[in-house]
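# Structural overview for review
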Amino acid sequence: MSQFNTELHNHEKLQILLDRLHVMVVAPADALPDRRWCNLFVHEVEAFQEAMEIHMSAEEKGGYMHELIELHPELARKAATLKEEHSKFHTALATLLAAARKGEDAAGLRSQIQDFLTEVYEHEVAETDLVQEALQRDIGPAD
Ligand SMILES: [Fe+2]
Ligand SMILES: [Fe+2]
């Protein structure tokens, strides 16, 4: 699995953007006036959305999903579930951004993004686990 070995589900940039959003969510409610918090939030979600779309399409087109299914058809179901989550994230980000641009209540946005971030973290962990599982199968059991 040539690509796996060199690119092993690398997403440092995405992690930084996720952490920035997380910091915004856990910041005290009076850290910024609501209006400015919402403006900053729009900016951060836009940056995250751009990186996430690139990340997801790279995974689907040339990344781990393609090669993994080819070499390990038995893991295809797990990969398909993760791919479905990509469409969910795509929609959730568009919805969040639309709400944020309208300047809807900051508290509501905070709780929505918190749920979303948890799902993204879990998704990324599941992907790393899947890649590790495929690598293990390549190497085979130690004897
Ligand atoms: Fe993914
Ligand atoms: Fe990923």
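Residues numbered from 1 in each chain as written. Chains lettered and ligands numbered in written order. Predicted model: local features only at pLDDT ≥ 70, side-chain atom pairs only at ≥ 80, totals over all residues.

Here helix α3 (residues 34-61) crosses helix α5 (residues 76-101) at 160°, and the two axes come no closer than 10 Å. One way to sum up the angle between α3 and α5 is to call them roughly antiparallel. Taken as a pair, α3 and α5 cross one another with a handedness that is left-handed. Contacts between α3 and α5 pair C38, F41, V42, V45, E46, Q49, M52, M56 and E60 from the former with K83, H86, F89, L93, L96, L97, A100 and R101 from the latter. Residues belonging to the contact of α3 with α5 are distributed by class as follows: 11 nonpolar, 2 polar and 4 charged. (Axes fitted to C-alpha atoms, helices over the stretch in contact; angles between N-to-C directions. Helix = DSSP H or I, 4+ residues; strand = E, 2+ residues; numbered from the N terminus. Parallel < 35°, antiparallel > 145°, perpendicular 65-115°, else oblique. Left-handed = near helix turned anticlockwise from the far one by under 90°. Contact = placed C-beta atoms within 7 Å. Nonpolar A, V, L, I, M, F, W, Y, C, P; charged D, E, K, R; others polar.)

The next point concerns helix α4 (residues 64-71). Turning to α4, its buried residues number three or more, namely Y64, M65 and L68. Buried residues of α4 fall within an arc of 90° about the axis and therefore sit on the same side. (Buried ≥ 20, exposed ≤ 12 C-beta atoms within 10 Å, placed from the backbone. Arc of directions from axis to C-beta.)

If you look at the biggest cluster of nonpolar residues, it comprises 16 residues, and the most contacted ones within it are F41, V45, L96, A100 and I113. Sorting the residues of this core by element identifies α2 (12-26), α3, α5 and α6 (106-139) as the ones contributing at least two each. Ranked by size, the runner-up nonpolar core spans 7 residues in total, among them Y64, L68, A79 and A134. (Core = buried A, V, L, I, M, F, W, Y, C linked by C-beta atoms within 7 Å.)

Low pLDDT marks stretches whose predicted atomic positions should not be read closely. Averaged over all residues, the pLDDT of the protein equals 86, while 90% of them reach at least 70. Mean pLDDT values for the elements of the protein range from 45 in helix α1 (residues 2-7) up to 94 in α5. (pLDDT = per-residue confidence, 0-100.)

Structurally, the position occupied by Y64 is in helix α4. Judged by the 23 C-beta atoms lying within 10 Å of it, Y64 falls in the buried class. When the C-alpha atoms of Y64 and V131 are compared, they prove to be 7.3 Å apart, with 67 residues separating the residues in sequence.

Time to look at the environment of D34. Looking at where D34 falls in the secondary structure, it is placed in helix α3. On the basis of neighbour count, D34 is assigned to the partly exposed category, with 15 C-beta atoms found within 10 Å. Between the alpha carbons of D34 and D129 there is a distance of 39 Å; along the sequence they are 95 residues apart.

Direction vectors running N to C along α2 and α6 enclose 145°, while the axes themselves pass 10 Å from each other. Note that α2 runs across α6; the crossing there is left-handed. Packed against α2, whose contacting residues are L18, L21, H22 and V25, the element α6 presents R110, I113, Q114, L117 and V120 at the interface. The residue inventory of the contact of α2 with α6, partitioned by class, reads 6 nonpolar, 2 polar and 1 charged.

It is worth spelling out α5 at this point. End to end, α5 covers 38 Å across 26 residues, agreeing with the expected 38 Å (1.5 Å per residue, within 8%). What α5 keeps buried is the set A79, L93, L96 and A100. Residues of α5 that are buried sit in contact with α3, α4 and α6. Of the residues flanking the end of α5, it is G103, one or two places downstream, whose phi is positive at about 70°. (Expected span 1.5 Å × (residues − 1).)

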